[in-house]
Amino acid sequence: MEKFKRIALTGYRGSIGREFPKNCQKLYTRLEDSIIKMFVEINKLKIKPHTLVHLSALVSTQECENNSKKAFELNVEGATKWYKAAKLSGVKNFLFISTSHIYKPINSYNVYANTCFRKDPKGIYGKTKLEAEKKLIFLSKIKGYPKLTIVRVFSVYSLNARKGFLIHDLLNRKKKKDYSTLKGLNLQRDFLSTKKIAHNILTICKREKKKNLYQICSGKPKSIEKVCIEILGKKFFEKCKKENNSKSNWLSLIGRPTVI
């Protein structure tokens, strides 16, 4: 467990961050703050981290759409500031947690996205994450910067998800006995539990020789209908109005997981 103390992470309050061992070192500085403040906090940690895992971001797609300026400030500028602060602090490895939202929308089934799949995000969240990837890759080629590893995570399955996320909204619906229309039941996503995602990220952290890019996903399609039944229960689900068709460009979003 001693080795986990050499790992520092941003976004420890998020659904994935909560799954990390408690003895990982937590970084509290906000994405809006200065590089200097980030640098000072890293240097004040009891044990100098060998790896910084950057989980913190504005991840609600709706919030990103509502405030694109804030999304770019937090997701792009915030990530580059933490990377620069890591360099100044002598951190050796930097893991940037990205997303499958950077890929081109798929309007058909049975398509599996690998790391070379076409990148053409339509939403602000995906655009900010892709822009952050590009900026970090550019900086990583400059001498002195930490080894950069990009980790693209697909759909997150968590009972601790925040407001605006599918599972949170389903749990809230159940609590309020809301039987209104469930939409997009025909959509397929690649869900993986936060516990498994965190485990895979930690495994990457421990590797001496890391790849530049990983995908963390199940590699298996799961319909929104099935998730609804799991969270709501079949009896509750049957009482809800249902709408299979969806206007979403993402009819299916399934990945090919990287062997870790």
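Up top you'll find the structure we're talking about.
Rules and cut-offs
Residues numbered from 1 in each chain as written. Predicted model: local features only at pLDDT ≥ 70, side-chain atom pairs only at ≥ 80, totals over all residues. Heavy atoms only, no water. Buried < 20%, exposed > 50% of the residue type's maximum accessible area, 1.4 Å probe, protein only. Helix = DSSP H or I, 4+ residues; strand = E, 2+ residues; numbered from the N terminus. Pairing = 2+ DSSP bridges. Phe/Tyr/Trp six-rings, centres within 6.5 Å; stacked < 30°, edge-to-face > 60°. Expected span 1.5 Å × (residues − 1). Arc of directions from axis to C-beta. Contact = heavy atoms within 4.5 Å. Axes fitted to C-alpha atoms, helices over the stretch in contact; angles between N-to-C directions. Parallel < 35°, antiparallel > 145°, perpendicular 65-115°, else oblique. Left-handed = near helix turned anticlockwise from the far one by under 90°. Nonpolar A, V, L, I, M, F, W, Y, C, P; charged D, E, K, R; others polar. Salt bridge = Lys/Arg side-chain N within 4 Å of Asp/Glu carboxyl O.

### Some details on the pairing of strand β3 (residues 51-54)
Residues T51 and V53 line one face of β3 and the alternating positions L52 and H54 line the opposite face, and both faces are buried. Sheet topology note: the strand β1 (residues 7-10)/β3 ladder contains 4 bridges and is parallel. Within β3, the residue paired with T10 across the bridge is H54. Two strands pair when backbone bridges link them, and β3 and strand β4 (residues 93-99) are joined in this way by 4 bridges, in the parallel orientation. Within β4, the residue paired with V53 across the bridge is L95.

### Some remarks on the packing of aromatic side chains
Evaluation of the coordinates by the stated rule reveals 7 aromatic pairs. Measuring from centroid to centroid gives 5.1 Å for Y12 and Y28, while their planes differ by 70 degrees, and the two rings are edge-to-face. Taken as a pair, Y12 in the loop between β1 and β2 (25-26) and Y28 in the loop between β2 and α1 (35-44) lie far apart in primary sequence, 16 residues in all. Measuring from ring centre to ring centre gives 6.1 Å for Y157 and F191, while their planes differ by 85 degrees; the resulting arrangement is edge-to-face. A residue pair is termed long-range when its members are at least 10 positions apart, and Y157 in strand β7 (residues 155-157) and F191 in strand β10 (residues 191-193) qualify at 34 residues.

### A closer look at the sheet that holds strand β5 (residues 112-113)
One open sheet holds the 4 strands; their spatial order is β5-β14-β9-β12, and the pairing between them is mixed. Of all strands in the sheet, those bounded by a partner on one side alone are β5 and β12 (222-223). Relative to strand β14 (residues 252-255), β5 is paired through 2 bridges, and the arrangement is parallel. The partner of Y112 across the bridge, within β14, is I254.

### Focus on unusual backbone geometry
A positive phi angle is found at N110, which is not glycine, with a value near 60 degrees. Topologically, N110 is positioned in the loop between β4 and β5. The phi torsion at K177 lies on the positive side, around 55 degrees, for a residue other than glycine. Its location among the elements puts K177 in the loop between α5 (166-176) and β8 (182-183). We classify K177 as exposed; its relative accessible area is 61%.

### A short note on helix α6 (residues 194-206)
For α6, spanning 13 residues, the distance from its first C-alpha to its last is 18 Å, which sits close to the expected 18 Å at 1.5 Å a residue. Of the positions making up α6, those classed as buried are T194, I197, A198, N200, I201, L202, T203, I204 and C205.

### Thoughts on α1
Turning to α1, its buried residues number three or more, namely M38, E41 and I42. The arc that holds every buried residue of α1, seen down its axis, measures 100 degrees, which confines them to one face. Turned more than 90 degrees from where α1 packs its buried face, I36 and K44 sit exposed. Looking at the buried side of α1, the elements it contacts are β2, β3 and α3 (68-89).

### Observations concerning the packing of α1 against α3
Between α1 and α3, the least distance of the axes is 8 Å, while the angle of their chain directions is 45 degrees. Classified by the angle between their axes, α1 and α3 sit oblique to one another. Like other packed secondary-structure pairs, α1 and α3 cross with a definite hand, here right-handed. Residue-level inspection shows I35, M38, F39, E41, I42 and N43 of α1 in contact with α3, the latter providing G78, K81, W82, K84, A85, A86, L88 and S89. Residue classes in the contact of α1 with α3 are distributed as 8 nonpolar, 3 polar and 3 charged.

### A short note on the pattern of salt bridges
What the rule picks out here adds up to 7 salt bridges. Note that D33 and K37 form a salt bridge whose closest N and O atoms lie 3.6 Å from each other. We classify K37 as partly exposed; its relative accessible area is 46%. We note a salt bridge from K122 to D120, for which the minimum N-O separation is 3.0 Å. Each of R30, D33 and K37 takes part in one network of salt bridges that share partners.

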